[in-house]
Amino acid sequence: MNRSKSSFNILKQKKLVLFFLAGLLLSFIVFGPVISKLKLRLDTNKSLKADQAKLNIKLEFLEGIDKVLIDKRVKKMETVFPSKKPVVALLGSLSQLSKNHNLSFGKITLRPGVLSSESEEKDLVGELKDLKFGFQVVGDFDTIALFMKDLEKTAPLMKIDELDLSIKTNTFFKDEAIMVVADIKVLAYFQPPPTSLGSVDKAVEFLDKKDEALLNQLFSFKAYETVLPMAQTGKVDLFSSGLQGLL
Amino acid sequence: MDINLYSKKIRKINKKQKLIILLTRSLLAWLIFLGAVMLSITAYSLMVNKKNLKLDGQIKIAKERIENLSDVESKQVYLTGKLKTFEGLIKSQEIHNAVIETVFSLIPDGTAINGFQVETTGEISLSGSVPNYQTLNLLFDRVQDSRAYKLGITKAVVNSISLGKDGSLSFDLTISLDIKV
């Protein structure tokens, strides 16, 4: 009788131990993965919320941009501060500006170098480059001074680097200065634009008040149309229908 | 009269059994509690997963809308990228122009200047020639009266003056300009 009681007790104690072990098993084997999965999902949720907030800010900003205004600004920026060597634009602007001031324009020295090279373009992305350009204007002193003043507000953006003034005197009266010859060396700048936008979630930089003021300053630059000579060259088909009528 | 000789032992056994029952019930309750916690965690985890799937969908839509606006974005990137450099260029251009304007205000009509380099440091080496003494005198007067010019002259040194065969006077000046633009 006593033996059966003691065995019952042992069984009961074993049952307790079994319960205890089952609890532990449930805690470590089942709870572990469930909690780690929950943690992972919560972390994902946090990063997704952050991504969504970032994308929403970007989207809101991009949708708020005035497309007409940004187009205008990009065009003006490209005229004032171009992405490629502004060889033709520079020549056109300077010749037009000197014409406006009734100055004779000539003796151009320009070494544009390589105009297009894939390897150079890759190296140049986002880097500021300059193009040195020399020319001569002839006129009276005050007009040259005015020309130089206007040069600072002419597109493409240039900086006067070197200046040489010489006087052309009257051959009969040597003391009488008739013309001033200004040899001017200017630096024109260009900067190739970035080739890629980066990832979609990359934030777009906002324009602050200082940037807006700079962009407004951009519009104070005067741009001259590049006048290209138009002349018919090569052979002319005399039997073409348009010409037959005239003949 | 009955004398219970096992009363003490029975009480001890009873106490032990009660304790075992209590422990068993507590363990059962604990297991039930753990099960309930696990169920709630699983339900919460599933709910978070559902939210994640929804967020993922919304992100995909937002990305598509941003990609549709890539033209505007590229223009914005272009402008911000160029503006940083443009700002520096404008500042240095302002200094250059102020230097040029000052030098032009200094030199009298009829003065020839030999290739002067526009330096943003403010130190200008000015050499050239004037047709006569009056013009040279006017140039020196202007150098001494710096208040009327865009940039003030902090120092002016006459390095040399020489008389040419044709009667013209050659000069060599070093002028320090007060660069504050």
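Residues numbered from 1 in each chain as written. Chains lettered and ligands numbered in written order. Predicted model: local features only at pLDDT ≥ 70, side-chain atom pairs only at ≥ 80, totals over all residues.

(A) Quick peek at the overall build of chain A. What chain A contains, in helices and strands, is seven helices and four strands. What you see in chain A, going N to C, is helices and strands ordered as α-α-α-β-α-β-α-β-β-α-α. Counting only residues that meet the buried cut, chain A has 17% of its 247 residues in that class. In chain A, the proportion of contacts linking residues at least 24 apart, taken out of those at least 6 apart, comes to 83%. (Helix = DSSP H or I, 4+ residues; strand = E, 2+ residues; numbered from the N terminus. Buried ≥ 20, exposed ≤ 12 C-beta atoms within 10 Å, placed from the backbone. Contact = placed C-beta atoms within 7 Å.)

(B) Expanded view of the domain arrangement of chain A. Residues and elements named next belong to chain A. Each assigned domain of chain A is listed with its residue range as follows: domain 1 (1–64) and domain 2 (71–218). Contact residues are listed per partner, giving six residues for domain 1 and four residues for domain 2. Looking at side-chain class alone, the side of domain 1 that touches domain 2 contains three nonpolar, no polar and three charged residues. (Domains from an automatic or database assignment. Nonpolar A, V, L, I, M, F, W, Y, C, P; charged D, E, K, R; others polar.)

(C) Seen up close, the environment of Lys222(A). Residue and element names in this part refer to chain A. In this structure, Lys 222 sits in the loop between helix H6 (209–218) and helix H7 (241–246). With 143 residues separating them along the chain, Lys 222 and Thr 79 place their C-alpha atoms 9.5 Å apart. Beyond its immediate stretch of four places on either side in the chain, Lys 222 contacts Lys 153, Thr 154 and Ala 155.

(D) Local environment of the packing of H6(A) against helix H2 (residues 70–106) of chain B. Close contact between H6(A) and H2(B) brings their axes to 11 Å; oriented N to C, the two are set at 65°. Put simply, H6(A) runs roughly perpendicular to H2(B). Note on packing geometry: the crossing formed by H6(A) with H2(B) is left-handed. Of H2(B), the residues touching H6(A) (which contributes Asp211(A), Leu214(A) and Gln217(A)) are Leu83(B), Phe86(B), Glu87(B) and Ile90(B). Of the residues assigned to the contact of H6(A) with H2(B), the class counts are four nonpolar, one polar and two charged. (Axes fitted to C-alpha atoms, helices over the stretch in contact; angles between N-to-C directions. Parallel < 35°, antiparallel > 145°, perpendicular 65-115°, else oblique. Left-handed = near helix turned anticlockwise from the far one by under 90°.)

(E) The nonpolar core, seen in detail. Judged by nonpolar contacts, the single largest core of 54 residues is most densely connected at Leu157(A), Ala188(A), Val99(B) and Val103(B). When residues of this core are assigned to their parent elements, the largest contribution, 12 residues, is made by H2(B). Leaving out residues up to four positions away in the same chain, Ala188(A) has contacts with Pro86(A), Leu90(A), Asp130(A), Leu131(A), Phe133(A), Pro156(A), Leu157(A) and Met158(A). (Core = buried A, V, L, I, M, F, W, Y, C linked by C-beta atoms within 7 Å.)

(F) Region of interest: the interface of chain B and chain A. At the interface, 62 residues of chain B touch 67 residues of chain A. Elements that contribute at least two residues to the side of chain B that touches chain A include exactly helix H1 (7–68), H2 and strand S1 (112–117) of chain B. For the side of chain B that touches chain A, the leading source of residues is H1(B), giving 25 residues. Partitioning the side of chain B that touches chain A into residue classes produces 30 nonpolar, 21 polar and 11 charged.

(G) Fine view of the packing of helix H2 (residues 67–80) of chain A against H2(B). Contact geometry for H2(A) and H2(B): axes closest at 10 Å, N-to-C directions at 45°. Put simply, H2(A) runs oblique to H2(B). For H2(A) against H2(B), the interelement crossing comes out left-handed. Across from Lys67(A), Ile70(A), Arg73(A), Val74(A) and Met77(A) in H2(A), the residues of H2(B) making contact are Val72(B), Lys75(B), Gln76(B), Tyr78(B), Leu79(B) and Lys82(B).

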